[in-house]
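# Observations on the model geometry
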Amino acid sequence: GENVEQHPSTLSVQEGDSAVIKCTYSDSASNYFPWYKQELGKRPQLIIDIRSNVGEKKDQRIAVTLNKTAKHFSLHITETQPEDSAVYFCAASSPGGSYIPTFGRGTSLIVHP
Amino acid sequence: DAMVIQNPRYQVTQFGKPVTLSCSQTLNHNVMYWYQQKSSQAPKLLFHYYDKDFNNEADTPDNFQSRRPNTSFCFLDIRSPGLGDAAMYLCATSRVGREAQHFGDGTRLSIL
């Protein structure tokens, strides 16, 4: 099955800085890569996703890049704000797992005012 | 409007006393998932349904069962809860596997 590694486990930045979270996956056939944000005590919510036929996708301050050759994808948050503080999970969907997403372990992002 | 609704939000049960958690969806999605999430950890998939096709994760304890009587509803039954089953239980849906999941607000289960 698919295996997703996520780093770092904790990321602390100053407000206004950029934050980058990286994930690697094992199944080269994986073709869908979502990112979820989970604030404390709340449900995970999709913030951005990318499919394997695209190398980069951007939505305002958030972007995701995908390198299929290296089998890794990254979340980039620019101009971070305190409300960006949350746990972020990456995931990958592979045909070997019937496309059911495999989650990374999560990154706790702390944005200091 | 809430699209994936979980009831109750908080559930307290006694050690060994069966408990049922419920999930309903208004999205008409084919896939429904149950996750267990413990503090500071990623959601752990317990089961998923693709329509009526039930899929059990290999490491899901036998103590956990699930039912999906129709497209809109899905239930998680814990037959004999132990202290280690205290967690947040999240229900999610997606149209198909390789599309975005929509999560409910979860049920926080406490075991006395």
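Please refer to the structure placed before this passage.
Here is what the cut-offs are and how they apply
Numbers given to residues run from 1 along each chain, matching the order in which its sequence is written. Lettering for chains starts from A, numbering for ligands starts from 1, and both go in the order in which the items are written. Thresholds applied to this predicted model are a pLDDT of at least 70 for local features of residues and 80 or more for the giving and counting of side-chain atom pairs; totals over whole chains, interfaces and linings are not thresholded and use all residues. Side-chain numbers here rest on the full set of heavy atoms in the structure, without hydrogens or water. The helix count covers DSSP runs of H or I at least four residues long, the strand count covers runs of E at least two residues long, and both are numbered beginning at the N terminus. In this treatment the radius of gyration is a C-alpha quantity, and the globule benchmark scales as 2.2 Å times the residue count to the 0.38 power. Each residue gets one of three labels from its accessible area relative to the maximum for its type: buried under 20%, exposed over 50%, partly exposed in between, using a 1.4 Å probe on protein chains only. We call two residues in contact whenever any of their non-hydrogen atoms come within 4.5 Å of each other. To measure how exposed things are, a 1.4 Å probe is used in the Shrake-Rupley method; for residues, cover is taken only from the protein chains shown. Positive charges come from Lys and Arg alone, negative charges from Asp and Glu alone, with His and the N- and C-terminal ends not counted. Taken as the charge location is NZ of Lys, CZ of Arg, CG of Asp or CD of Glu. The rule for a salt bridge is simple: a side-chain nitrogen of Lys or Arg has to be within 4 Å of a carboxyl oxygen of Asp or Glu. We define a polar contact as two N or O atoms separated by no more than 3.5 Å, with the added condition that, inside protein, one atom must be a possible hydrogen donor and the other a possible acceptor, whereas residues neighbouring each other in sequence contribute only through side-chain atom pairs. Here a cavity denotes grid points, spaced 1 Å and computed from the protein atoms alone, that fit a 1.4 Å probe unable to get out, and a pocket denotes an open set having protein on both sides within 12 Å along at least 5 of 7 lines; residues with an atom within 4 Å of a point are the lining. Grid points are joined across faces, edges and corners, and a volume is the space filled by probe spheres set on the points. Amino acid classes used here: Ala, Val, Leu, Ile, Met, Phe, Trp, Tyr, Cys and Pro are nonpolar; Asp, Glu, Lys and Arg are charged; the rest, including Gly, are polar.

With that out of the way, let us pick up the overall build of chain B. Helix and strand counts for chain B come out as zero helices and eleven strands. The secondary structure elements of chain B, listed N-terminal to C-terminal, are β-β-β-β-β-β-β-β-β-β-β. A compact globule built from 112 residues would reach a C-alpha radius of gyration of about 13 Å, and chain B, at 13 Å, matches this within 12%. Expressed along its principal axes, the backbone C-alpha trace of chain B runs to roughly 35 × 30 × 30 Å. Within chain B, the proportion of its 112 residues that are buried is 49%. Sequence-distant contacts, at least 24 apart, represent 56% of the contacts inside chain B between residues at least 6 apart. Element-wise, carbon and sulfur atoms account for 48% of the exposed surface of chain B, whose accessible area totals about 5,600 Å². When the 11 basic and 10 acidic side-chain charges of chain B are each reduced to a single mean position, those positions are 3 Å apart.

Scanning the entire structure with this criterion turns up seven salt bridges over all chains. Between Lys37(A) and Glu39(A) there is a salt bridge, and its shortest N-O distance comes to 4.0 Å. Residue Lys37(A) is classed as buried on the basis of its relative accessible area, which comes to 17%. On the basis of relative accessibility, which here comes to 33%, the residue Glu39(A) falls in the partly exposed class. For Asp77(B), the salt bridge identified is with Arg67(B), shortest N-O distance 2.8 Å. Here the residue Asp77(B) occupies a position in strand E8 (residues 73-78), and Arg67(B) occupies one in strand E7 (residues 64-67), the gap between them amounting to ten residues.

With an omega of -5°, the peptide bond between His7(A) and Pro8(A) qualifies as cis. In this structure, the amide linkage connecting Asn7(B) to the following residue, Pro8(B), adopts the cis form with an omega of -10°. Residue position: Pro8(B) is located in the loop between strand E1 (4-7) and strand E2 (10-13). Even without a glycine there, the phi angle at Asn28(B) is positive, about 60°. Residue position: Asn28(B) is located in the loop between strand E3 (19-25) and strand E4 (31-37).

Residues and elements named next belong to chain B. Locating Gln 6 in the fold gives a position in strand E1. Within the structure, the side chain of Gln 6 is placed 2.9 Å from the backbone nitrogen of Cys 91, a separation counted as a polar contact. At 3.0 Å, the side chain of Gln 6 forms a polar contact with the backbone nitrogen of Gly 106.

Moving on, we get to the layout of surface pockets. Taken as a whole, the largest pocket encloses approximately 730 Å³ of empty space. Every residue lining the largest pocket is counted, 28 residues in all, and those nearest its centre are Thr102(A), Phe103(A), Pro43(B), Leu45(B) and Glu57(B). Secondary structure elements with two or more residues in the lining of the largest pocket: strand E1 (4-7) and strand E10 (102-103) of chain A together with E4 and strand E5 (44-50) of chain B. Looking at side-chain class alone, the lining of the largest pocket contains eight nonpolar, 13 polar and seven charged residues. Looking at the second largest pocket, its volume works out to about 550 Å³. Lining the second largest pocket are 25 residues, and of these Leu40(A), Val87(A), Ser39(B), Ser40(B) and Gln41(B) lie nearest its centre. When its residues are assigned to classes, the lining of the second largest pocket shows eight nonpolar, twelve polar and five charged.

Note that all results are geometric; they support no functional claim without further evidence.
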